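Chain by chain, the residues run as shown.
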Amino acid sequence: MHDFLTAIPEGFPREVTNNFYSPNPMFYALCSLFCEAMLFTELPFDQQQTLYIHAAHDVLALHDIMPDVLEPLTLFNNAVFHVAAGSRQWALRIYRPRQSSGRAIQSELAWLTAINNETALRVPQPQSAPNGEMLIRSRNNTDDALYGVLFDWIDGTPIEPNQHTPELAHHIGMTVAQLHEHSRHFSQMGEHPRRKLT
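Just so we're clear, the structure is a prediction, and the values are computed from it rather than from any experiment.

1. As for the pairing of strand S3 (residues 69-74)
Now for step 1: The sheet contact formed by S3 and strand S4 (residues 79-85) spans five bridges and is antiparallel. Counterpart to Val-69 in the pairing with S4 is Ala-84.
Now for step 2: The antiparallel hairpin formed by S3 and S4 contains four residues in its connecting segment, where Asn-77 sits at a positive phi of about 65 degrees.

Following this line, the structure appears as structure tokens:
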């Protein structure tokens with residue numbers, strides 16, 4: 001398991017129970033001392049990780065979720081957390097600033113929802129907060145807001161290199177073909193343009 005406490009700067013107050021990082025009331029005051037008016041990308045890596053965790057709590061609060069587990073799966077580039085409360089589980093993604101605009105992220109969410117509704121494929125479904133929002137903005141003391149989205153949790157098992165087979169490659173190719181075909185007819189794609197990868 002990733003030791004996410006190393007993401008918190010030395011001396012930062014912390015309370016930990018069952019893999020759940022819960023900042024005490026001094027958290028936000030100290031965060032402002034660490035992150036005064038600069039770009040997120042200019043911060044040291046450990047302070048970026050701290051803001052990812054801050055944003056995760058903001059998103060979960062708007063979903064009215066008090067997690068029993070908040071486990072970072074990755075805090076590099078975009079941050080992804082495993083969230084559990086009672087018998088329910090989610091994946092929480094915090095997007096790295098200046099890589100995708102809010103409109104581009106909205107296009108991802110619209111397409112994921114359409115794939116679940118219009119095809120036999122199952123992909124992570126973005127969840128709406130009680131106020132109806134899927135894409136939630138978390139403010140901090142840098143010049144960059146962090147966007148977060150809560151997805152339903154899909155269990156899976158990593159595929160090891162010795163499990164690669166022609167049949168698996170064929171299955172992956174068929175799945176990608178379905179995604180390409182669906183994207184060609186996805187009516188909202190023009191409303192939410194995506195950046196081109198070069």
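2. So, the packing of helix H3 (residues 102-118) against helix H4 (residues 166-185)
Now for step 1: It is at 11 Å that the axes of H3 and H4 come closest, and there the two elements cross at 110 degrees. As judged from the angle between their axes, H3 and H4 are roughly perpendicular. Each of Trp-111, Ala-114, Ile-115 and Glu-118 in H3 lies in contact with H4, whose residues at this interface are Leu-179, His-182 and Ser-183.
Now for step 2: A per-class count over the contact of H3 with H4 returns four nonpolar, two polar and one charged.

3. Description of the sheet that holds strand S7 (residues 146-152)
Now for step 1: With respect to topology, five strands assemble into an open sheet ordered S3-S4-S5-S7-S6, the strand pairing being antiparallel. The sheet is open, and its two edges are formed by S3 and strand S6 (136-138), each paired on a single side. Mean inter-strand twist for the sheet, computed between neighbouring axes without regard to direction, equals 30 degrees.
Now for step 2: Strand contacts of helix H2 (residues 45-62): S3, S4, strand S5 (88-95), S6 and S7, with the helix running at about 130 degrees to S5, the strand carrying the most contacts.

4. Regarding the nonpolar core
Now for step 1: Counting residues in hydrophobic clusters, the biggest one holds 23 residues, and the most contacted among them are Tyr-52, Phe-81, Val-83, Leu-92 and Ile-94.
Now for step 2: Looking at this core, the elements that each hand over two or more residues are H2, S4, S5 and S7.
Now for step 3: In terms of nonpolar packing, the next biggest core, distinct from the first, is built from eleven residues, Ala-91, Ile-105, Leu-112 and Leu-121 among them.

5. Quick look at the confidence of the model for the protein chain
Now for step 1: Put simply, the protein chain has an average pLDDT of 80, and 75% of its residues get 70 or more.
Now for step 2: Of all secondary-structure elements in the protein chain, the lowest mean pLDDT belongs to strand S1 (residues 15-17), at 37, while S5 reaches the highest, 97.

6. Notes on the layout of surface pockets
Now for step 1: Taken as a whole, the largest pocket encloses approximately 290 Å³ of empty space.
Now for step 2: Along its surface, the largest pocket is lined by 17 residues, and Val-80, Ala-91, Pro-124, Phe-151 and Asp-152 are the ones closest to its centre.
Now for step 3: Elements with a contribution of two residues or more to the lining of the largest pocket: S5, H3 and S7.
Now for step 4: The greatest single-element share of the lining of the largest pocket, amounting to three residues, is contributed by S5.
Now for step 5: Residue composition of the lining of the largest pocket, by class: ten nonpolar, two polar and five charged.
Now for step 6: Of the pockets and cavities examined, the second largest pocket occupies roughly 150 Å³.

7. Some thoughts on the pairing of S5
Now for step 1: For S4 and S5, the ladder comprises seven bridges, and the chain directions are antiparallel. Bridge pairing in S5 places Val-83 opposite Trp-90.
Now for step 2: Where S4 folds back on S5, the antiparallel hairpin that results is connected by two residues, among which Gly-86 adopts a positive phi of roughly 65 degrees.
Now for step 3: Inspection of the sheet shows S5 paired to S7 by six bridges, in the antiparallel sense. Opposite Leu-92, over in S7, you have Leu-150 as the bridge partner.

8. Section: the pattern of salt bridges
Now for step 1: As enumerated under the stated definition, the model contains two salt bridges in all.
Now for step 2: Arg-98 is the partner of Asp-144 in a salt bridge, and the nearest nitrogen-oxygen pair spans 2.9 Å. Separated by 46 residues along the polypeptide, Asp-144 in the loop between S6 and S7 and Arg-98 in the loop between S5 and H3 bring together distant segments of the chain.
Now for step 3: Across the salt bridge formed by Arg-184 and Glu-181, the nearest N and O atoms sit 3.1 Å from each other.

Reading the values: rules and limits
- Residues numbered from 1 in each chain as written.
- Predicted model: local features only at pLDDT ≥ 70, side-chain atom pairs only at ≥ 80, totals over all residues.
- Heavy atoms only, no water.
- Pairing = 2+ DSSP bridges.
- Helix = DSSP H or I, 4+ residues; strand = E, 2+ residues; numbered from the N terminus.
- Axes fitted to C-alpha atoms, helices over the stretch in contact; angles between N-to-C directions.
- Parallel < 35°, antiparallel > 145°, perpendicular 65-115°, else oblique.
- Contact = heavy atoms within 4.5 Å.
- Nonpolar A, V, L, I, M, F, W, Y, C, P; charged D, E, K, R; others polar.
- Core = buried A, V, L, I, M, F, W, Y, C linked by side-chain atoms within 4.5 Å.
- Buried < 20%, exposed > 50% of the residue type's maximum accessible area, 1.4 Å probe, protein only.
- pLDDT = per-residue confidence, 0-100.
- 1 Å grid on protein atoms, 1.4 Å probe; cavity = no way out; pocket = protein on both sides within 12 Å on 5 of 7 lines; lining within 4 Å.
- Points joined across faces, edges and corners; volume = space filled by probe spheres on them.
- Salt bridge = Lys/Arg side-chain N within 4 Å of Asp/Glu carboxyl O.

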